[in-house]
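Summary of the model geometry
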Amino acid sequence: MTSSTDAVGMTGAAGSAGKADAASPAGTAGAAGMPGAGGSGRAGLEGSGGLDADALGEQSAGAAGGSGLRGAFGGLGADASGGPGVAGTAGTAGTAGTVDAPGGAGAVDAAGSVDAAGAPGGVGGSGVGHRVDVLLLERLGRDPGRTALVCADGTMVSAGELREQVLAVAAALRARGLGPGDRVAVYHERSVEFVAAVLGVACAGAAHAAFDVADPPARTLGMLEDCAPRAVLTSRALRDRLDGCAVPMLTDDEYRTGQPVPPPVDGSPDDPVALIFTSGSTGRPKASLISHRALVSRMNALQTTHPMTEDDRLVHHTTCTFDMYLAEIYWPLLSGATLVLSAPGGQRDADHLAALIRDHHVTTMYFGVSLLELFLLARDESERYDGLRQVLTGGEPLPADLVHRFHARSTASLTNLYGPSECTIHCTAWMCPRDPALDTVLIGSAVPDTELWVLDDDGRPVPEGEPGELYIGGAGLALGYLDRPELTAERFLQSPPVAPGRRLYRSGDLVRARPGGALEFLGRVDRQVKIRGVRIELGEIESTARRCAGVRQAVVVAHGTGLEKALAAFVVPEVPSTPAAELTASVRESLRGWLPPTMVPATVDLLDALPFTPNGKVDRLLLESRAARTTPSRPAPAADATDAGGEELGVEELVAAVWCEALGLDSVKPDDDFFDLGGNSYKVVETVTRLRERLSAEIPLAALLEEPTVRGFAEEIRRVTGRA
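Read on for an overview of the structure. Keep in mind that this is a model prediction, so the values were computed, not measured.

A word on the overall build of the protein. A tally of helices and strands in the protein yields 18 helices and 29 strands. Sorting the 724 residues of the protein into buried and exposed places 60% on the buried side. Summing over all exposed atoms, the protein offers an accessible surface of approximately 26,800 Å²; the carbon and sulfur share of this is 52%.

Encoded structure:
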């Protein structure tokens, strides 16, 4: 490895390499996994990077950094102990270096990740083995009697039964003329039907876009217009929510009509299989197109570094607006593990998740960082989770303190994942060490089939240890943004100087490489923020706020840190004499109808004019400071369930008092909504915990989620506790 002053580039290995792709550029590794110039001389580990596909025939590997399809799914990964196998290699100037986490290691040079045309070469050229539909149907059909899926209520679905449901969806779509190149919307609550719809669309050859049924219908209809699907898969109970949708709707009972099983799709690994919508800076959400090849590559990576077998169980609870749901569905089903479905809305209920882990013997779990924090806060500190074997987290910076608290309550490994949706689920990983002195959590180095570059403003590699913007390449890269050619060209760079003949995604994230190659996340280079793990473009909220009646200008800022991080909106009225309370209430109400709850600002303030810096830009720092100063302070908590005169409070009065404490308000009304007042999952835990203490009663977290008004929540407490 060259000195630390050299430029930083890195790549991940995916196990043993086969023959080099003839189209790959010079310097690509050969059959033995030999490095390019300057690289390490170790070959990848045998069989650590691919899908088990006995029935399909063994696939030869593509360019270096890839592997055949045998090994990872249906067998152990690189490290039989369950630790990371090939966790990614890092180096200098694009050469290979060392693995940052314990386990097996493989090394290739950066040129091995993609072929000369920019198509991923790491997982096997254009063979059918890199289409997820082929692999899925083969795996489900291999052992039809095993349990593939378990619902929260204990309902079990065998692999054979799930395969039949998936093929029924595919048959219904194919009978209506849908296939490769088409898009299908999935609008289901989390359920067997949701899983079957997602998988069935893939097996029909089309690409699915899943929409959260909790989002405002107006937002969903807008994204449907952008997506332009040829069909919407939904249920009879939900179809009326999309009143006005011009796309044909197909309910789950309508595609159980016994259509003949369709023939295999004659498609390419580079066909789209999924669309992931994320917030857009222009006010319009954008959709990343994920290919079969990218999804298979990422499932390979997860199975390589965190192997699962038929003895494992993984919970699917992540909302479909976050691409990790793809891993929660495909990874266990492809590896032969069991998929455990949480109840709709269950991802917000720590009690429900704890019960799933305990009752269904869950071994593998993904928690967003905020949800992991919420889960540990909500559960008794003495409760342990040693049944878990491996836990993955990500979505936002992971505090070292949270790592320590997790390790104190579980023997499971904890791995920090990083990756924008444009790179399909994740592109780096770092297993958190059990080190009491740990004070900085890294995002790690490249996962298999991935290359990373840390570049300066001019697109040149920075010296090791210096901050720069992260550029990502390899098999996991999205095809681009749906119908957004300008934005695709801006973010997905074709043949940049540091990687001729390849394609890199410009992440907008600032990182620096630590000694050994693992990356440290430093922040954003633009105005994108994350609130409790949700990726938010402030520009989208501002654009939406400017559409509100009576608003001339709008600026949105994020303030606070950790659990207290929040959004604040500042609006300038069209008519200067507009009453502040009237306009701010109207804006909040409009935003609630157009945006998901996580994007609705906690506060809306009226300004006569926006403040500007001396160079004529909006003074966002001043607004952030003002938002932090004007956040209401919390009243001192009452000692018990009595008023100042010693009289026992009624349940509704006590609920109102505790809400004021938790939300920092002077008063609330019986029909006020907890979440409209600024509540979130953390405030739910705080509120329910206080009420449990005051009433000396067990109150489920779900009670507040299901009944979010003072009156409704109080009535639910009376019902579950028997208290008047």
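Reading across the sheet, the seven strands line up as β9-β8-β6-β7-β10-β11-β21 and stay open at both edges, with mixed pairing between neighbours. In this open sheet, the two strands that pair with only one neighbour each are β9 (249-251) and β21 (480-481). As paired elements, strand β7 (residues 207-210) and strand β10 (residues 272-278) share two bridges and run parallel to each other. Residue pairing in the sheet places alanine 209 in a bridge with leucine 275 of β10. Sitting on the sheet, helix α2 (residues 159-175) is in contact with β6 (183-187), β8 (231-234) and β9, with an inclination near 155 degrees to β8. Contacting β10 and β11 (286-291), helix α6 (residues 292-305) runs over the sheet at an angle of about 75 degrees to β11.

What follows covers the packing of helix α1 (residues 132-142) against α6. Contact geometry of α1 with α6 gives a least axis separation of 9 Å together with a crossing angle of 50 degrees. As the angle between them shows, α1 and α6 are arranged oblique. From α1, Val132, Asp133 and Leu135 reach across to α6, where they touch His292, Leu295 and Val296. Class assignment for the residues of the contact of α1 with α6 results in four nonpolar, one polar and one charged.

Generally speaking, a soluble globular protein has its nonpolar side chains buried in company with each other. By size, the foremost hydrophobic cluster in this structure holds 87 residues, and its most contacted members are Leu173 and Tyr330. If we skip the residues at most four places from it in the chain, tyrosine 330 touches Val132, Val198, Leu199, Ala202, Val273, Leu295 and Met299. Formed by 60 residues, the second largest nonpolar core is a distinct cluster that contains Met365, Leu442, Val684 and Ile717.

In this section: the pairing of strand β29 (residues 603-606). Bridging between strand β28 (residues 566-573) and β29 involves four bridges; their strand directions are parallel. Across the sheet, the residue bridging to alanine 569 is valine 604, located in β29. The parallel pair β28 and β29, bridged by helix α13 (residues 580-594), forms a crossover whose chirality is right-handed.

Read across the sheet, three strands follow the order β27-β28-β29 without closing on themselves; strand pairing throughout is mixed. Of all strands in the sheet, those with a lone pairing partner are β27 (551-559) and β29, marking the two edges. Neighbour-to-neighbour, the strand axes of the sheet open up by a mean angle of 25 degrees, direction not taken into account. Packed onto the sheet, helix α12 (residues 538-546) meets β27 and β28 and runs at close to 150 degrees relative to β27. Lying on the sheet, α13 is in contact with β27, β28 and β29; it crosses β29 at an angle near 140 degrees.

A few words on the pairing of β8. Taking every second residue as pointing to the same face, both faces of β8 are buried, with Ala231 and Leu233 on one and Val232 and Thr234 on the other. Of the strand pairs in this sheet, β6 and β8 are connected by four bridges, and their pairing is parallel. The residue bridging tyrosine 187 from the neighbouring strand is threonine 234, located in β8. Where β8 lies against β9, three bridges are found, and the strand directions are parallel. Across the sheet, residue threonine 234 finds its bridge partner in β9, namely threonine 251.

Per the counting criterion, the structure on display carries nine aromatic pairs. Measuring from centroid to centroid gives 5.7 Å for phenylalanine 211 and phenylalanine 277, while their planes differ by 40 degrees, and the two rings are tilted. On the criterion of sequence distance, the pair formed by phenylalanine 211 in the loop between β7 and α4 (217-227) and phenylalanine 277 in strand β10 is long-range, its members being 66 residues apart. Phenylalanine 277 matches phenylalanine 211 in its accessibility class, with the two residues each being buried. Each residue in the set Phe367, Phe375 and Tyr385 is aromatic and connected to the rest through ring pairs, giving one cluster.

The next point concerns the side chain of threonine 251. With respect to the helices and strands, the residue threonine 251 is situated in strand β9. On the basis of relative accessibility, which here comes to 0%, the residue threonine 251 falls in the buried class. Within the local environment of threonine 251, its side chain forms a polar contact with the side chain of aspartate 253, the two groups lying 2.4 Å apart. What threonine 251 contacts, discounting residues up to four positions off in sequence, is Thr234, Ser235, Arg236 and Arg239.

With that out of the way, let us pick up helix α7 (residues 324-335). An ideal rise of 1.5 Å per residue puts 16 Å on 12 residues; α7 measures up with 16 Å between its terminal C-alpha atoms. For α7, the buried fraction is high: 12 of the 12 residues fall into the buried class. Of the residues making up α7, those classed as buried are Met324, Tyr325, Leu326, Ala327, Glu328, Ile329, Tyr330, Trp331, Pro332, Leu333, Leu334 and Ser335. Phi for glycine 336, located one or two positions after α7, is positive at around 90 degrees.

To continue, consider the pattern of salt bridges. One pass over the structure, following the stated rule, counts 31 salt bridges. In this structure, glutamate 373 and arginine 405 form a salt bridge, with 2.8 Å as the shortest nitrogen-oxygen distance. One end of the pair, glutamate 373, is in helix α9 (residues 369-378); the other, arginine 405, is in helix α10 (residues 400-407), with 32 residues separating them in the sequence. Since its relative accessible area comes to 11%, glutamate 373 is described here as buried. A relative accessible area of 26% places arginine 405 in the partly exposed class. Between arginine 694 and glutamate 661 there is a salt bridge, and its shortest N-O distance comes to 2.9 Å. Residue arginine 694 is located in helix α16 (residues 681-695), and its partner glutamate 661 is located in helix α15 (residues 651-663); the two are separated by 33 residues in the primary sequence. Since its relative accessible area comes to 13%, arginine 694 is described here as buried. The structure contains a network of salt bridges with shared partners spanning Asp351, Arg379, Glu383, Arg692 and Glu698.

Taken as a whole, this structure holds three cavities of 30 Å³ or more when the rule is applied. Of the pockets and cavities examined, the largest cavity occupies roughly 50 Å³. Along its surface, the largest cavity is lined by Asp226, Phe277, Arg284, Pro285, Lys286, Ala287, Leu482, Asp483 and Arg484.

Conventions we followed
- Chains are numbered independently. Their residues run from 1 in the order of the written sequence.
- Confidence filtering applies because this is a predicted model: local features only for residues at pLDDT of at least 70, side-chain atom pairs given and counted only at 80 or more, and all residues used for totals across whole chains, interfaces and linings.
- Just so you know, side-chain values use all the structure's heavy atoms and leave hydrogens and water out.
- Secondary structure elements are taken from DSSP: a helix is a run of H or I of four residues or more, a strand is a run of E of two residues or more, and numbering for both begins at the N terminus.
- A 1.4 Å probe rolled over the protein chains alone gives each residue an accessible area, and that area as a share of the maximum for its type sets the label: buried under 20%, exposed over 50%, partly exposed in between.
- Using a 1.4 Å probe, the Shrake-Rupley method yields the accessible areas, and only the shown protein chains count as cover for residues.
- Think of it this way: DSSP has to see at least two bridges between two strands before they count as a pair.
- Only heavy atoms matter for contacts: two residues are in contact if any of them lie within 4.5 Å across the pair.
- The convention used is that axes are lines fitted to C-alpha atoms, helices contributing only their stretch in contact, and that angles between N-to-C directions extend from 0 to 180 degrees.
- The scheme is simple: roughly parallel for angles under 35 degrees, roughly antiparallel for over 145, roughly perpendicular for 65 to 115, oblique for anything else.
- Amino acid classes used here: Ala, Val, Leu, Ile, Met, Phe, Trp, Tyr, Cys and Pro are nonpolar; Asp, Glu, Lys and Arg are charged; the rest, including Gly, are polar.
- Each nonpolar core is a collection of buried residues, namely Ala, Val, Leu, Ile, Met, Phe, Trp, Tyr and Cys, held together in the definition by side-chain atoms within 4.5 Å.
- Whether a crossover is right-handed comes down to one check: with the strands pointing away from the viewer, does the path from the first strand over the helix to the second run clockwise; if it does, it is right-handed.
- Stacked, tilted and edge-to-face pairs are distinguished by plane angle, under 30 degrees for stacked and over 60 for edge-to-face with tilted covering the rest, among Phe, Tyr and Trp rings (Trp via its six-membered ring) whose centres lie within 6.5 Å.
- We define a polar contact as two N or O atoms separated by no more than 3.5 Å, with the added condition that, inside protein, one atom must be a possible hydrogen donor and the other a possible acceptor, whereas residues neighbouring each other in sequence contribute only through side-chain atom pairs.
- To estimate the expected span of a helix, subtract one from its residue number and multiply by 1.5 Å.
- Any carboxyl oxygen of Asp or Glu that lies within 4 Å of a side-chain nitrogen of Lys or Arg is treated as forming a salt bridge with it.
- Using a 1 Å grid laid over the protein atoms alone, points where a 1.4 Å probe fits but cannot get out form a cavity; open sets with protein on both sides within 12 Å along at least 5 of 7 lines form a pocket; any residue with an atom within 4 Å of a point counts as lining.
- Grid points are joined across faces, edges and corners, and a volume is the space filled by probe spheres set on the points.

Function cannot be read off these values alone, since they describe shape.
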